[in-house]
Amino acid sequence: MERIYDRVALIGLGLIASSMFWAMKRDGNLAGEVTGYARTEATRETARRIGLCDRVCDSMAEAVKDADLVILCVPVGAMGPVMEEIAPHLKPGCTVTDVGSVKGDVIRSVTPHLPEGVFFVPGHPLAGTEHSGPESGFAELFDNRWTLLIPGSAPDEVVGDLRSFWERLGANVDLMDADHHDLVLAVTSHTPHLIAYTMVGVADDLRRVTDSEVIKYSAAGFRDFTRIAASDPTMWRDVFLTNKEATLEILGRFTEELFALQRAIRTGDGQHLFDYFTRTRAIRRGIIQAGQDTAAPNFGRGPSGQK
Ligand SMILES: NC(=O)c1ccc[n+]([C@@H]2O[C@H](COP(=O)([O-])OP(=O)(O)OC[C@H]3O[C@@H](n4cnc5c(N)ncnc54)[C@H](O)[C@@H]3O)[C@@H](O)[C@H]2O)c1
Ligand SMILES: O=C(O)C(=O)C[C@]1(C(=O)O)C=C[C@@H](O)C=C1
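Naming follows an unreviewed UniProt entry, where the protein chain appears as prephenate dehydrogenase of Seohaeicola zhoushanensis. Under Catalytic activity (unreviewed entry), UniProt gives the following word-for-word description of the protein chain: "prephenate + NAD(+) = 3-(4-hydroxyphenyl)pyruvate + CO2 + NADH".

## Quick notes on the sheet that holds strand β9 (residues 172-175)
Two pairing modes exist for strands in a sheet, parallel and antiparallel, and in both the strands are linked by backbone hydrogen bonds. The strand order across the open sheet formed by 3 strands is β7-β8-β9, and the pairing between neighbours is mixed. Of all the strands in the sheet, just β7 (123-125) and β9 have a single pairing partner and so form its edges. Mean inter-strand twist for the sheet, computed between neighbouring axes without regard to direction, equals 20°. Where β7 meets strand β8 (residues 146-149), 3 bridges bridge the pair, whose relative direction is antiparallel. Paired with His 124 across the two strands is Leu 148, which belongs to β8. Set on the sheet, helix α6 (residues 156-168) makes contact with β7, β8 and β9; between it and β8 the angle comes to about 165°.

## Notes on the pairing of strand β2 (residues 31-37)
In terms of burial, β2 is a largely internal element, 5 of the 7 residues being buried. In terms of strand pairing, strand β1 (residues 5-11) meets β2 through 6 bridges, oriented parallel. Its bridge partner being in β2, Val 8 is matched across the sheet by Val 34. The handedness of the β1 to β2 crossover, carried by helix α1 (residues 15-27), is right-handed. Note that the unit made of β2, helix α2 (residues 41-50) and strand β3 (residues 55-57) has a crossover that is right-handed.

## Examining the site of ligand 2
Ligand 2 sits among Ser 101, Leu 126, Ala 127, Gly 128, Thr 129, Glu 130, Ser 189 and Ile 228. A per-class count over the shell around ligand 2 returns 3 nonpolar, 4 polar and 1 charged.

## A word on the site of ligand 1
Residues in contact with ligand 1 amount to 25 residues; listed here are only the nearest, Gly 12, Gly 14, Ala 78, Gly 128 and Ser 132. Broken down by element, the shell around ligand 1 gets its largest block of residues, 3 residues, from α1. Looking at side-chain class alone, the shell around ligand 1 contains 14 nonpolar, 9 polar and 2 charged residues.

## Observations concerning unusual backbone geometry
Here the phi dihedral of Asp 66 falls at roughly 65°; this positive angle occurs in a residue that is not glycine. Among the structural elements, Asp 66 can be located in the loop between α3 (60-64) and β4 (69-72). Of note in this structure, Asn 144 is not a glycine but carries a positive phi near 65°.

## Thoughts on the sheet that holds β4
In space, the 6 strands of this open sheet follow the order β3-β2-β1-β4-β5-β6, with parallel pairing throughout. Each edge of the sheet is formed by a strand with only one pairing partner; in this case those strands are β3 and β6 (119-120). In terms of strand pairing, strand β5 (residues 95-98) meets β6 through 2 bridges, oriented parallel. Bridge pairing in β6 places Thr 95 opposite Phe 119. Sheet strands touched by helix α4 (residues 79-86): β1, β4 and β5. Its angle to β4, the strand with the most contacts, is close to 150°.

## Structural notes on α2
Given 3.6 residues to a turn, an α-helix orients residues that are three or four positions apart in the same direction. Listed in full, the buried residues belonging to α2 are Thr 43, Arg 44 and Ala 47. Seen along its axis, α2 keeps its buried residues to an arc of 100°; they face one direction. For α2, the exposed residues lying more than 90 degrees away from the buried face are Glu 41, Ala 42 and Arg 49. If you follow the buried residues of α2, they end up packed against β2 and β3. Positive backbone phi, at 75°, marks Gly 51, one or two positions downstream of α2.

## Topic: the nonpolar core
Residues Leu 10, Ile 11, Val 70, Ile 71 and Leu 72 are the most contacted members of the largest nonpolar core, which totals 61 residues. Here this core gets 7 residues from one element, more than from any other, and that element is α1. Those residues in contact with Val 70 that sit more than four places away from it in its chain are Ala 9, Ile 11, Val 64, Ile 86, Leu 90, Cys 94 and Val 96. Among the nonpolar cores identified, the runner-up in size contains 5 residues, and Val 184, Leu 185, Ala 186 and Ala 246 belong to it.

## Details of the domain arrangement of the protein chain
When the domains of the protein chain are assigned, the result is domain 1 (5-176) and domain 2 (180-289). Each of domain 1 and domain 2 has a C-alpha centre, and these two points are 31 Å apart. Contact with domain 1, which involves 14 residues of that partner, is made by 17 residues of domain 2. Its residues assigned to classes, the side of domain 1 that touches domain 2 comprises 6 nonpolar, 5 polar and 3 charged.

## Structural notes on the UniProt feature "transmembrane region" (unreviewed entry) in the protein chain
Taking the numbering used here, the UniProt-annotated feature "transmembrane region" (unreviewed entry) corresponds to residues 7-24. Secondary structure content for residues 7-24 is 56% helix and 28% strand, and the end C-alpha separation is 12 Å.

Each value, and the rule that gives it
Residues numbered from 1 in each chain as written. Chains lettered and ligands numbered in written order. Predicted model: local features only at pLDDT ≥ 70, side-chain atom pairs only at ≥ 80, totals over all residues. UniProt positions renumbered as here; feature names shortened; annotations may be inferred. Pairing = 2+ DSSP bridges. Helix = DSSP H or I, 4+ residues; strand = E, 2+ residues; numbered from the N terminus. Axes fitted to C-alpha atoms, helices over the stretch in contact; angles between N-to-C directions. Contact = placed C-beta atoms within 7 Å. Buried ≥ 20, exposed ≤ 12 C-beta atoms within 10 Å, placed from the backbone. Right-handed = clockwise from strand over helix to strand, strands pointing away. Near = placed C-beta within 6 Å. Nonpolar A, V, L, I, M, F, W, Y, C, P; charged D, E, K, R; others polar. Arc of directions from axis to C-beta. Core = buried A, V, L, I, M, F, W, Y, C linked by C-beta atoms within 7 Å. Domains from an automatic or database assignment.

This is how it looks when you write it as structure tokens:
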């Protein structure tokens, strides 16, 4: 298959950047040279040792020089400052994208630094693990998962190239606007993470009372919570600080439902509990029947989720 970009630069060499690099290598001809930059010397050394990137650079300026595609793979709160630093060194006509878990705030912080003639097409792969750092990536991470792109005002061919790039990394690609993205992700990813963090925190408090029984006898559901709650604190701090409005909206709804269930338990209202659990089971079965277990919900909009 044809090469899409001659030079690709990865800024921030953690889970997502390293997975993208290995997936580019698996393709064989997706990108010519892949450069990489990480903030700390230790991460750059690790990257060189494991062969992550064709060339690891000691500055962002060197990494983005002559790049046709620059991918920002840093925590959401660092996107704006990184863009400001690389802006003077970008090749005219190049595409900048990101992989951040929040889109509205990233667009607001990156766009003011965008030089004339450089296109910004924000993105978000809906795939990850609880691990982070340069050694945590693997080529298959994006296989059959969704990547959402926010086309904004970028020309069709720029968006088309980025779409093809992600498809060759193994992903299915959909286009979405930023506000809708942030609401959907608040439901499917951000609030669930907050609930997992809380539940594990509660269990940890309890553990002091019950002398490690909570962890010793933890059932599968709780183990899943502990996996999620082991996710990177910097990344998730930034997600909640930058997707504040949507997360608070969903959290408010969640709390109302929780109180209703709490009341049903206290008053012995079995019918309420039974009806509620029947409804949620039907949702899960519907997802599986439709063969959409990895699908991004579009909350009643068209197939692309666009307004
Ligand atoms: N982990 C996931 O499940 C997942 C999934 C999809 C998208 N994302 C998004 O991808 C991005 C990267 O996440 P990751 O999981 O690869 O994280 P990671 O912690 O594995 O890697 C982040 C990289 O950014 C660097 N970095 C941190 N702060 C920086 C700063 N202020 N300036 C410059 N570099 C900095 C770190 O040194 C590291 O190299 C985040 O925006 C995250 O929201 C993560
Ligand atoms: O599987 C996991 O560990 C994840 O949490 C991945 C997950 C998600 O919530 O699905 C986390 C954050 C991202 O922005 C995208 C994917």
